[in-house]
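Here is what each chain is made of, one letter per residue.
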Amino acid sequence: NCTQVAEFILTGFTYNLELQLAIFMVFLVVYLTTLLGNLGIIVLIRTSPQLHSPMYYFLGNLALVDLIYSTVVTPKVLADLITEKPLSYPGCVTQNLVFTIFLVTDCFLLATMAYDRYVAICHPLRYSVLMSPRLCAQLVGGSYLSGLVNGMGQTVGMFNLSFCGSVVVNLFFCDLSLLVLLSLSDGTLTSLILTAGAFLFGVSSSLVILLSYVAIFSTILNICPAAGQRKAFSTCASHLAVVSIFYGNGLFIYLKPRLNKSREEDKWIAMLYTMVTPMLNPLIYSLRNQEVREALRRLRAR
């Protein structure tokens, strides 16, 4: 019969004060690197004419999405490491909404980038025709729309749950799949929404990536000169590294049995794809991409 608006206590990584200070400094460096790296990629792409191509158009949007969904989580984590404060119900709903919107958008942008590499390697002579500016804008718009649909669906699932008083969430952000277990109401509908979203958005985007790379590797293996194969592989290496880190950590968290959701090690795995991956993406693309390094050199010279 409780009608009180709930507040959520997000548990941190440790209660040891000395370790909290060390973790705070590490997370602060990670977040500042994320900000500088992703903002740098966005500015570099917008100010460098040689980077005005579909691949870098997608990369710029990926940097923006990484920046947003990291910002939704990390500042709250940093604040809790100094002084732990409960998160209100509207705050939890908002955090979950924004995070899930841009997390799914990230998935589809990675799938779009895989398709772009497929067209570039398997149909190089028709690349400029197939990857027209209009199609690129539609693919990016579709990615954001998919994220919005997923976020609204999860928000409906959140409103279907009821909580009473202070709810202790053994994670550092509001994860709906964990909140279902802590709810006082029947979470069948919410669980169904989560499952449907995982298959509709997660499986479909990963399937696009998988099929794209099957076709890419098949084409590369048919390239006779070894130098040509190395060049083709190098154009995909950065994207493959980002996809492996992102999907590897995410699948480990969300495909585990529900009863194991609150284990302590889950926090560190979740930290990898919410904080570390957005930091690594611009570093991976800038360090492995000759065009990005050259554009950065010209920008610094100007």
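For the structure, see preceding data.
The structure reproduced in this document is the subject of the present report.

The rules behind each value
- Counting restarts for each chain: residues are numbered from 1 in the order of the written sequence.
- The predicted origin of the model limits local features to residues at a pLDDT of at least 70 and limits the giving and counting of side-chain atom pairs to 80 or more, whereas totals for whole chains, interfaces and linings rest on all residues.
- Only hydrogens and water are set aside when side-chain values are computed; all heavy atoms of the structure are taken into account.
- To qualify as a helix, a DSSP run of H or I must reach at least 4 residues; to qualify as a strand, a run of E must reach at least 2; elements of each kind are numbered from the N terminus.
- Accessible area is worked out with a 1.4 Å probe on protein chains only. A residue is then buried under 20% of its type maximum, exposed over 50%, and partly exposed in between.
- Note that accessible areas follow from Shrake-Rupley with a 1.4 Å probe, and for residues the cover is restricted to the protein chains shown.
- Ring pairs shown here join Phe, Tyr and Trp side chains whose ring centres sit within 6.5 Å, with only the six-membered ring taken for Trp; geometry is labelled stacked below 30 degrees between planes, edge-to-face above 60, and tilted in between.
- What counts as a disulfide here is a pair of cysteine sulfur atoms lying within 2.5 Å.

Quick look at the overall build of the protein chain
- Scanning the protein chain from terminus to terminus reveals 10 helices and 3 strands.
- Scanning the protein chain from its N terminus toward the C terminus, one meets helices and strands in the order β-α-α-β-α-α-α-β-α-α-α-α-α.
- Looking at the protein chain as a whole, 47% of its 302 residues are labelled buried.
- Total accessible area on the protein chain stands at roughly 14900 Å², and carbon and sulfur atoms take up 69% of it.

Considering the packing of aromatic side chains
- Under the defined criterion, the tally for this structure stands at 9 aromatic pairs.
- Between the aromatic rings of Phe8 and Phe163, the centroid separation amounts to 5.1 Å while the plane-to-plane angle is 75 degrees, which identifies the pairing as edge-to-face. Highlighted residues: Phe8 in strand β1 (residues 7-10) and Phe163 in the loop between α5 (133-159) and β3 (166-169), separated in sequence by 155 residues.
- Taking the relative accessible area as the measure of exposure, Phe8 reaches 0% and is therefore buried.
- On the basis of relative accessible area, Phe163 is assigned to the buried category, the value being 6%.
- Residues Tyr115 and Tyr118 carry aromatic rings whose centres are separated by 5.9 Å and whose planes lie at 35 degrees to one another, so their mutual orientation is tilted.

Description of the state of the cysteines
- Throughout the structure, instances matching the rule amount to 1 disulfide.
- With a sulfur-sulfur separation of 2.1 Å, Cys92 is cross-linked through a disulfide to Cys174. Measuring handedness by torsion sign, the sulfur bridge of Cys92 and Cys174 sits at about -130 degrees and is left-handed. Taken as a pair, Cys92 in helix α3 (residues 89-122) and Cys174 in the loop between β3 and α6 (176-182) lie far apart in primary sequence, 82 residues in all.

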